[in-house]
Amino acid sequence: MSEQQPVRVQLALDRMTIQEAITMAKQVEQHVDWIEVGTSLIKEFGIESVRQMKQAFPHKIIVADIKTFDNAKYEFELCFEAGADVATVMGAAPDATLELCMQTARRYQGQTMIDLLSVSPDRIQDLERYTDAVLCHHVSKDEQEHNGQKAGQSNRHEAHATSNANHATPQIAVAGGITLTTLPTILQQSPSVIIVGSAITQAAQPQQAAQQIREQINQFAIPNVNPLASL
Ligand SMILES: O=C(CO)[C@H](O)[C@H](O)COP(=O)(O)O
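Worth saying up front: this structure is predicted, and the values here are computed from it rather than measured.

Engineer: Explain the overall build of the protein chain to me, please; I cannot follow it from the model alone.
Structural biologist: When helices and strands are tallied, the protein chain shows 11 helices and eight strands. Counting only contacts in the protein chain whose residues sit at least 6 apart along the sequence, the fraction spanning at least 24 positions is 65%.

Right, here's the structure in full:
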């Protein structure tokens with residue numbers, strides 16, 4: 001049996017001040033691996049939000065969710081110069097933008113996360129050529145609020161979520177209203193990164209919420225194998 005890869009938890013921080021975001025991240029840091037400076041923070045407070053988050057958490061992977069659609073080199077340089085380790089681009093952006101994001105991220109020894117919002121299955125297959133990227137299957141805030149959708153409820157990423165043993169494939173992230181309830185379905189699709197925002201940041205006890213999410217992921221990761229079975 002092949003070894004299961006660790007599943008990382010990415011804490012998404014949105015709709016709060018930079019200081020609130022840092023305080024929230026400090027409460028739950030032991031249960032999360034990556035810290036996302038959400039698009040709303042970058043839009044409201046600028047790239048300074050990324051810089052301050054990296055200063056507060058120099059040993060954590062910081063994801064700048066800048067959702068680049070154009071001006072890729074400039075925006076990705078801003079993110080990596082501010083201390084980001086990962087920056088995001090929309091998968092629906094022109095190929096030139098994707099290429100420039102990939103090139104810029106590699107130059108900084110960072111990583112590109114490609115957000116698959118409103119991206120067709122054919123385009124997803126096309127984007128799988130970026131084997132050193134993370135492809136993020138994302139149910140947007142508006143789809144959550146307007147249509148009641150949540151990640152894990154549709155099968156739109158299932159076909160691409162499992163790694164192909166014959167050739168390298170990008171890592172898979174899943175985002176969008178993930179909760180303890182929807183987590184088991186999502187975990188069955190073998191993601192590398194689980195992105196959780198509101199289920200932690202809006203919880204009455206964020207630390208407990210993050211711990212429960214981590215515990216459920218850890219439980220799922222323990223292979224249910226009888227060591228005597230192969231004897
Ligand atoms: O990218 C995002 C919004 O555009 C969020 O990071 C993502 O949706 C996770 O947050 P939540 O769990 O609250 O949906």
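Engineer: I'm lost on the layout of surface pockets in this one. Help?
Structural biologist: If you roll a probe as big as a water molecule over the atoms, it shows you where there is empty space left. The space that makes up the largest pocket amounts to roughly 520 Å³. If you go around the largest pocket, you meet 32 residues; those closest to its centre are Ala12, Asp14, Glu36, His138 and Lys141. The set of elements that each furnish at least two residues to the lining of the largest pocket consists of β1 (8-13), α2 (39-45), β3 (61-68), β5 (111-115), β6 (134-138), α7 (141-147), β8 (193-196) and α10 (198-201).

Engineer: Would you mind going over the site of the ligand with me for this structure?
Structural biologist: In the neighbourhood of the ligand, 13 residues make up the surrounding shell, with Glu36, Gln144, Gly177, Gly197 and Ser198 lying closest. Aspartate 65 places a polar side-chain atom, nitrogen or oxygen, 3.2 Å from an oxygen atom of the ligand. Contact between the ligand and histidine 138: an oxygen atom at 3.4 Å from a side-chain N or O atom of the residue. Relative to its free-state accessible area of 360 Å², the ligand is covered by the protein chains to the extent of 92%. At a threshold of 2 Å from the grid points, most atoms of the ligand map onto the largest pocket.

Engineer: What exactly am I supposed to notice about unusual backbone geometry here?
Structural biologist: Most peptide bonds take the trans configuration, and most residues that are not glycine carry a negative phi. Unusually for a residue other than glycine, lysine 67 sits at a positive phi of about 50°. The residue lysine 67 is located in strand β3 in this model.

Engineer: Just to check I follow, could you spell out the pairing of β1 for this structure?
Structural biologist: On a regular strand, one side chain projects to one face of the sheet and the next to the other, so that they alternate. Counting buried positions along β1 gives six out of six residues, so the element sits mostly inside the fold. Side-chain alternation along β1 places Arg8, Gln10 and Ala12 on one buried face and Val9, Leu11 and Leu13 on a second face that is also buried. When β1 meets β8, the two strands line up parallel, connected through four bridges. In the strand pairing of β8, glutamine 10 is matched with isoleucine 195.

Engineer: Mind showing me how you'd approach the pairing of β6 here?
Structural biologist: Counting buried positions along β6 yields five of five residues, so the element is predominantly enclosed. Here β6 shows no split at all, with Val134, Cys136 and His138 on one side and Leu135 and His137 on the other all buried. Direction of pairing for β5 relative to β6: parallel, over a ladder of three bridges. From the neighbouring strand, isoleucine 114 faces β6, where its bridge partner is leucine 135.

Engineer: Quick question: what am I supposed to make of the sheet that holds β6 here?
Structural biologist: The eight strands lie next to each other as β1-β2-β3-β4-β5-β6-β7-β8, forming a closed barrel whose pairing is parallel. Across the sheet, the mean angle separating the axes of adjacent strands is 25° when strand polarity is ignored. Direction of pairing for β6 relative to strand β7 (residues 171-175): parallel, over a ladder of five bridges. The partner of cysteine 136 across the bridge, within β7, is alanine 173. Sheet strands in contact with helix α1 (residues 18-28) are β1 and β2 (34-37), and its direction is about 155° off that of β1.

Engineer: For this particular structure, what's the right way to read the environment of glycine 176?
Structural biologist: Position of glycine 176 relative to the elements: it lies in the loop between β7 and α9 (183-187). Residues glycine 176 and valine 139, spaced 37 residues apart in sequence, show a C-alpha to C-alpha distance of 4.6 Å. The contact partners of glycine 176, leaving out residues within four places of it in the chain, are His138, Val139, Gln144, Lys150, Ala151 and Ile195.

Engineer: I would appreciate a short explanation of the state of the cysteines in the present structure.
Structural biologist: Every disulfide links exactly two cysteines, by a covalent bond between their sulfur atoms. Under the counting rule described, the total for this entry stands at zero disulfides. Cysteine 79 supplies the cysteine sulfur nearest to cysteine 101, a cysteine that is in no disulfide, at a spacing of 9.1 Å. There is no disulfide at cysteine 136, and the cysteine sulfur nearest it, in cysteine 101, is 14 Å away. Taking the relative accessible area as the measure of exposure, cysteine 136 reaches 3% and is therefore buried.

What counts as what
Residue indices follow the written sequence of each chain, beginning from 1 at its first position. Local features in a predicted model are, by the rule used here, given only for residues with pLDDT of at least 70; side-chain atom pairs are given and counted only at 80 or more, and totals for whole chains, interfaces and linings are based on all residues. The side-chain quantities take in all heavy atoms of the structure and omit both hydrogens and water. Secondary structure is summarised from DSSP: a helix means a run of H or I of at least four residues, a strand means a run of E of at least two, and numbering begins at the N terminus for each. The contact criterion used throughout is that any non-hydrogen atoms of two residues lie within 4.5 Å. A cavity here means a set of 1 Å grid points, computed over protein atoms only, where a 1.4 Å probe fits but cannot escape. A pocket is an open set with protein on both sides within 12 Å along at least 5 of 7 lines, and lining residues have an atom within 4 Å of a point. Grid points are joined across faces, edges and corners, and a volume is the space filled by probe spheres set on the points. Residues are classed as near a molecule or strand on a simple rule: at least one heavy atom within 4 Å of it. By the criterion applied in these results, polar contacts are pairs of N or O atoms within 3.5 Å in which, for protein atoms, one can donate a hydrogen and the other can accept it, and in which residues neighboring in sequence qualify only through two side-chain atoms. Note on areas: these come from Shrake-Rupley sampling with a 1.4 Å probe, and a residue is covered only by the protein chains present in the view. Those molecules having more than half of their atoms within 2 Å of a cavity or pocket grid point set are described as sitting in that cavity or pocket. Partly exposed residues are those whose accessible area sits between 20% and 50% of the maximum for their type, while under 20% is buried and over 50% is exposed, using a 1.4 Å probe and protein chains only. In this analysis, strands are considered paired if DSSP registers two or more bridges between them. To obtain an axis, a line is fitted to C-alpha atoms, over the contacting stretch when the element is a helix, and the angle between two such axes runs from 0 to 180 degrees between their N-to-C directions. In this description, a disulfide is simply a cysteine sulfur pair whose atoms lie within 2.5 Å.

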